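Structural characterization, general
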Amino acid sequence: MIGVDTTFLIDLEIVDSPRHEGAMRLFNDWLKEKHSTLTIFNQTFLEFQHVITDPRRFNFPLSMEQAVERSWFWAEQERVNVVFPTEDSLRRAFLWTNMYKLGRNRIQDTHLAASFAESGVSELWTANPSDFEIFDTFELVNYA
């Protein structure tokens, strides 16, 4: 299974992003496969909405209504699997946080990684592979 980081959804959306072309290429290649699914951690939608509506980050940010509509679009796709934290993923995230001595800036990524690991994700698309290397769990695909 393929998991996607928030960066991927943002870069796919923002045409002005320097990583947009790489995200589009990866996405279009995936569309041709027709047999694999993308997995999105439920909290990714919240981070996506927070970032994509920020006028300090983008010249043309989405409105909150548009951001929610985009999130809804992804959540409703037949080939998209939304994963939620489980008791096991929560324990794994706590374990990884202490084991790797991670701080507060790593909370979101750690819980995403733990939920993906518990749900069988083996490949992760991200523009920030260094955020996930420490877990040594995924094949990291840097589309940037």
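Located above this text is the structure these notes cover.
My aim in this report is to walk through the structure given alongside it, one point at a time.

Cut-offs applied
Residues numbered from 1 in each chain as written. Predicted model: local features only at pLDDT ≥ 70, side-chain atom pairs only at ≥ 80, totals over all residues. Heavy atoms only, no water. Helix = DSSP H or I, 4+ residues; strand = E, 2+ residues; numbered from the N terminus. Buried < 20%, exposed > 50% of the residue type's maximum accessible area, 1.4 Å probe, protein only. Contact = heavy atoms within 4.5 Å. Pairing = 2+ DSSP bridges. Axes fitted to C-alpha atoms, helices over the stretch in contact; angles between N-to-C directions. Parallel < 35°, antiparallel > 145°, perpendicular 65-115°, else oblique. Left-handed = near helix turned anticlockwise from the far one by under 90°. Nonpolar A, V, L, I, M, F, W, Y, C, P; charged D, E, K, R; others polar.

**What about the side chain of N42?**
Tracing the backbone shows N42 in helix α3 (residues 42-52). Note on N42: relative accessible area 17%, which makes it buried. Setting aside residues no more than four positions away along its own chain, N42 makes contact with V82, V83, F84 and P85.

**Considering the sheet that holds strand β1 (residues 2-4)**
Ordered by their spatial adjacency, 5 strands build an open sheet running β3-β2-β1-β4-β5, and the pairing between neighbours is parallel. Looking at the sheet topology across the chains shown, the edges are occupied by β3 (80-83) and β5 (139-142). The sheet shows a mean angle of 30° between the axes of neighbouring strands, direction not considered. Along the sheet, helix α1 (residues 6-13) contacts β1, β2 (38-41) and β4 (123-126); its crossing angle with β1, the most-contacted strand, is approximately 70°. Contacts from α3 reach β1, β2 and β3 within the one sheet, and its direction differs from that of β2 by about 70°.

**So, the packing of α3 against helix α4 (residues 64-76)**
Two elements in contact, α3 and α4, have axes separated by 9 Å at closest approach and are oriented at 150°. It follows that α3 is roughly antiparallel to α4 by the angle criterion. Of the two elements, α3 crosses α4, and the hand of that crossing is right-handed. Only M64, A67, V68, R70, S71, W74 and A75 of α4 make contact with α3, whose side of the interface consists of F45, F48, Q49 and I52. Classifying every residue of the contact of α3 with α4 by side-chain character gives 8 nonpolar, 2 polar and 1 charged.

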